[in-house]
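# Inside the fold
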Amino acid sequence: MPCGEDWLSHPLGIVQGFFAQNGVNPDWEKKVIDYFKEKLKENNAPKWVPSLNEVPLHYLKPNSFVKFRCMIQDMFDPEFYMGVYETVNQNTKARVLHFGKYRDIAECGPQQELDLNSPRSTTLERQTFYCVPVPGESTWVKEAYVNANQARVSPSTSYTPSRHKRSYEDDEDMDLQPHKQKDQHTGARQAGSVSGLQWCGEPKRLETEASTGQQLNSLNLSSPFDLNFPLPGEKGPACLVKVYEDWDCFKVNDVLELYGILSVDPVLSTLNNEERDTPALLDPMECADSAEEQRVHSPPASLVPRIHVVLAQKLQHINPLLPACLNKEESRTCKFVSSFMSELSPVRAELLGFLTHALLGDSLAAEYLILHLISTVYTRRDVLPLGKFTMNLSGCPRNSTFTEHLYRIIQHLVPASFRLQMTIENMNHLKFIPHKDYTANRLVSGLLQLPNNTSLVIDETLLEQGQLDSPGVHNVTALSNLITWQKVDYDFSYHQMEFPCSINVLITSEGRSLLPADCQIHLQPQLIPPNMEEYMNSLLSTVLPSVLNKFRIYLTLLRFLDYSISDEITKAVEDDFVEMRKNDPQSITADDLHQLLVVARFLSLSAGQTTLSRERWLRAKQLESLRRNRLQQQKCVNGNEL
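Definitions and limits used
- Residues numbered from 1 in each chain as written.
- Predicted model: local features only at pLDDT ≥ 70, side-chain atom pairs only at ≥ 80, totals over all residues.
- Heavy atoms only, no water.
- Pairing = 2+ DSSP bridges.
- Helix = DSSP H or I, 4+ residues; strand = E, 2+ residues; numbered from the N terminus.
- Axes fitted to C-alpha atoms, helices over the stretch in contact; angles between N-to-C directions.
- Contact = heavy atoms within 4.5 Å.
- Parallel < 35°, antiparallel > 145°, perpendicular 65-115°, else oblique.
- Nonpolar A, V, L, I, M, F, W, Y, C, P; charged D, E, K, R; others polar.
- Expected span 1.5 Å × (residues − 1).
- Core = buried A, V, L, I, M, F, W, Y, C linked by side-chain atoms within 4.5 Å.
- Buried < 20%, exposed > 50% of the residue type's maximum accessible area, 1.4 Å probe, protein only.

On the basis of which strands lie adjacent, the open sheet formed by 5 strands has the order S14-S17-S20-S13-S21 and parallel pairing. Each having just a single partner strand, strand S14 (417-421) and strand S21 (519-522) make up the two edges of the open sheet. In this sheet, neighbouring strand axes are inclined to one another by 20 degrees on average, regardless of whether the strands run parallel or antiparallel. Looking at chain direction, strand S13 (residues 391-394) and strand S20 (residues 504-508) are connected through 3 bridges and run parallel. Paired with leucine 393 across the bridge in S20 is threonine 508. Helix H11 (residues 402-411) contacts S13, S14, strand S17 (455-459) and S20 of the sheet and is inclined by roughly 165 degrees relative to S14.

Between helix H10 (residues 363-373) and helix H17 (residues 590-606), whose axes approach to 9 Å, the crossing angle comes to 90 degrees. For the element pair H10 / H17, the angle class is roughly perpendicular. Note on element contacts: H17 touches H10 through Val599, Phe602, Leu603 and Ser606, opposite Glu367, Tyr368, Ile370 and Leu371. Looking at the contact of H10 with H17 residue by residue, the classes come out as 6 nonpolar, 1 polar and 1 charged.

This paragraph deals with helix H13 (residues 470-485). Over its 16 residues, H13 extends 22 Å from the first C-alpha to the last, a length consistent with the 22 Å expected when each residue adds 1.5 Å. Those residues of H13 that are buried lie in contact with S14, helix H12 (424-429), S17, strand S18 (487-491) and S20.

Looking now at the nonpolar core. Ranked by size, the top nonpolar core spans 71 residues in total, and within it Phe354, Tyr368, Leu393, Phe402, Leu413 and Tyr554 carry the most contacts. In terms of residue count, the dominant contributor to this core is H10 (8 residues). Ignoring sequence-local partners within four residues, the contact set of tyrosine 554 consists of Phe340, Leu344, Val347, Arg348, Leu351, Ile370, Ile374 and Ser606. Membership of the second largest hydrophobic core comes to 28 residues, among which are Val252, Phe418, Tyr490 and Phe492.

Take it as geometry only, folks, not as evidence of what the structure does.
Below, the structure written as structure tokens:
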């Protein structure tokens, strides 16, 4: 086993050691992966790995071992690279084999030349993902990850490569801060592209731009460097992620935790600028298309760094207070989970009280909000998503800050969320549906490109009279499809492609929502605070951080509990439904039975019970009766449909 190398600072040295031991035998690749797996199993080792989410890019050493918590926003075409290549010393004619895996730049020692015709060279394939930070990730999640990270980094704007590269000079000074603009003179080389790796020829002095301009956080901003974030106001780096193994396991919108080797070679930007400047003899239209695609697929490494993935894990959730993996088998044996489940009842009672205060004293609405927040699509029967529980909270005061502050409360409880202000202007002008840009050969993001279990709060109280134009109508249709079918149809110009999802949608409205909902609950405030902001701020400040963390664990953990209904209870429910139909044949339908079963499911899970009991079934019926009676009373008062 290679030794004497720091696996965090010089991972390529570790890889070189295994390659040198095994040569062209492909076993060296598996040994590299196993080595880093074992390293990460050591006590608290993942916490010592610098994260691109928490550490500014200019603090990170090029070619160091890093991690990144992200969502796959787009998948580019697979690319070929030189898996193994050979160099020849011009003086001694000695030949040396090199590995190309985990690299963007082919390494050439002094007096070495790349032998493109070597029979020992191999060409391999890798997949490139365009990854962005998790959209809508809550501030408390970011802070928890920052506090947990123990990586030792220090700001540095210069570095010396660990091995001599013909693409660098030793005194190179590179500012990688993505928010400053600065021209640097760097030692660059004439270069070409060979099978996904850049290789280096004779030196030539030239000026290259090392910075990126301001980060672009605006939505749908057409600009030289649009980071293509789905939501406005997002911060953090986007990354080009090179995946070498099992890339078929991943799909667009998956949330991943990646461990890999950081590549921020300034030469990449230089090479791409040269390639864009050269095709003057090509057809002008083809030239424009290829230049646009090149710009998008090969942005400056200082703006969009590359990560060569060694290990990748699909995350079930991003709650830092819970173990990353919550499979049913593992959760049963996990001491943390079992101890938390044993004290579930007081946590639920405290959360119910907290949400009751947030909903101005309405305990029935608070009960339903808990059920909504733990709901998730657990399976699909044909096209029907089972487990979705979209809630319409009607009766919200118009022209009030109540909905804004209610969203702030939800932000403090869930790992990822977004508030959509449903105004005529927003509906007509915002891009909801991702679409394929064939010129740039990329998927342009939209508001509804969200990872599973994101809480989407649609504020309909802001809707004024006005005219929806064609894009606005399409956006409303997209929201309706998301709510009803839990899917978003991405626009590929010549066809649409279905992307299933599991998004928790809460609609706040004055009357009944224009959008479909699984459950409408009319808010009945028991108090009207004179100052809503002060009231909500005091509510948040009085709850202890430890209690708030219990709420967060509760709402995430219950999504992963198994659930079943025994044959005995199934028979009792069927008999009960028949009796209900006899007593009220006009108003009780099969849809009502489905609604009752959904409410009973989440009511049971909210109490930590994985099977339906007779008691929970009766409680579900009671809640539904109270909810329906309240809607009926409101309808009688207003004389219109709510």
